[in-house]
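# Per-entry structural report
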Amino acid sequence: MAPTGSAQSGVDEATPASSPATPDGDAPTGRLPVAVVLGASRGLGFLIARDLLQRGHHVVLAARDEAELADAARDLEGLGPLAVEPCDVRDRHQVGELVGKVEHTVGPIEVLVTVAGVIQAAPAESLALHEFEDAIDTMAWGPIHAAMTVLPHMRRRGHGRIGTVTSIGGMVSPPHLLPYATAKFAAVGFSDGLAAALSGTGVSATTVVPGLMRTGGHVHARFGGDAPAEYAWFAPAASLPLVSVDAERAARRIVDGVLRGKAMVVLTPLAWVGIRVRGLAPATTTRLMGLAARLLPGPAGREGARTVEGAEAARRLASPLVDRLTTLGDRAARRTHDAAPPAGGDSDI
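Residues numbered from 1 in each chain as written. Predicted model: local features only at pLDDT ≥ 70, side-chain atom pairs only at ≥ 80, totals over all residues. Heavy atoms only, no water.

### Details of the overall build of the protein chain
- Looking only at helices and strands, the protein chain features 12 helices and 13 strands.
- Nonlocal contacts in the protein chain, meaning residues at least 24 apart in sequence, comprise 78% of its contacts between residues at least 6 apart.
- Carbon and sulfur atoms make up 57% of the accessible area of the protein chain, which totals about 14400 Å². (Helix = DSSP H or I, 4+ residues; strand = E, 2+ residues; numbered from the N terminus. Contact = heavy atoms within 4.5 Å. Areas by Shrake-Rupley, 256 points an atom, 1.4 Å probe, with all protein chains shown as cover.)

Next comes the structure, spelled out in structure tokens:
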């Protein structure tokens, strides 16, 4: 465990400086509650980690990439005590080692939030099985590995908060995001079922259901089929105010919901509408998604089952109009460490 930062802690206006504990009073007096954020190196995970620091938590940043973690830690230094730990949520052994190390060297884990994710935007014909494997390993198995590893510790102590960031794509399967939706549906089912199973134990599980957020994740998302054309619809949708929400505000609401032990946090009116329409008219919703799919780009035969990062898709597209439409998303990417795509193309969206 590599500690960084200082013991000085910035505090959110909603949390008195004299009370570093979570709103439900889980942490004993005089000890900062420990929070682990998986997928904290950039995007929404970075913002959730920052918010937890500002509320007086000792935060452990975890993600796959050590260099990205170091960059994130430097940006958060001074907000409060934090540590960094490389961890791939797809590997249950790494998750187990992380939880054991934190419990023994930092303190009892009071809060666990799993955010790590990947996105592949492409028609079904242009997807390979490994795209599904990566999505499911990251966004379905990842939350399962994390929650089931920390759960015995929390249950033994009789308190704890587990948050799983899913998606409206786990409630309504959107076109051209099939691997993402498959994994998110699994994450919703796991987190929602876990919340019911933990009723009355003092440990809570919160299912977070965001819509599109301006994190800058379009830079790291992967695009297949006609990659430039896929980028041309996805990147503006993830950047424009009318269809996407401010990620900083979303992070605050997520942390509020997790710390209060809410069973579910739905972040946008569009997400609420989608959930309710799907519940009332599931067949009609599927037909509507099918109609939307027909309006999206078709497969590009010569590309085959191959995806490229958003930055490369944008370069190929070379559209000044799309560049203007993604201005807010690009600004968010710079604020949340999502601007520079890594070699592996992972995304914490």
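### Side note on the sheet that holds strand S13 (residues 307–309)
- A sheet is described by the order of its strands in space; here three strands give the open sequence S6-S10-S13, paired in mixed fashion. One side of each edge strand has no neighbouring strand; the edge strands of this open sheet are strand S6 (120–121) and S13.
- Where S6 lies against strand S10 (residues 222–224), two bridges are found, and the strand directions are parallel. The partner of alanine 121 across the bridge, within S10, is phenylalanine 223.
- Packing against the sheet, helix H6 (residues 227–237) makes contact with S6, S10 and S13, and its axis sits at approximately 125° to S10. (Pairing = 2+ DSSP bridges. Axes fitted to C-alpha atoms, helices over the stretch in contact; angles between N-to-C directions.)

### So, the layout of surface pockets
- Of the volumes computed, that of the largest pocket is approximately 950 Å³.
- Every residue lining the largest pocket is counted, 42 residues in all, and those nearest its centre are Ile168, Pro174, Gly211, Leu212 and Leu270.
- Those elements that provide at least two residues to the lining of the largest pocket are H6, helix H8 (269–280) and helix H9 (282–295).
- Ranked by residue count, the leading element in the lining of the largest pocket is H8, at seven residues.
- Within the lining of the largest pocket, the residues separate by chemical class into 29 nonpolar, 12 polar and one charged. (1 Å grid on protein atoms, 1.4 Å probe; cavity = no way out; pocket = protein on both sides within 12 Å on 5 of 7 lines; lining within 4 Å. Points joined across faces, edges and corners; volume = space filled by probe spheres on them. Nonpolar A, V, L, I, M, F, W, Y, C, P; charged D, E, K, R; others polar.)

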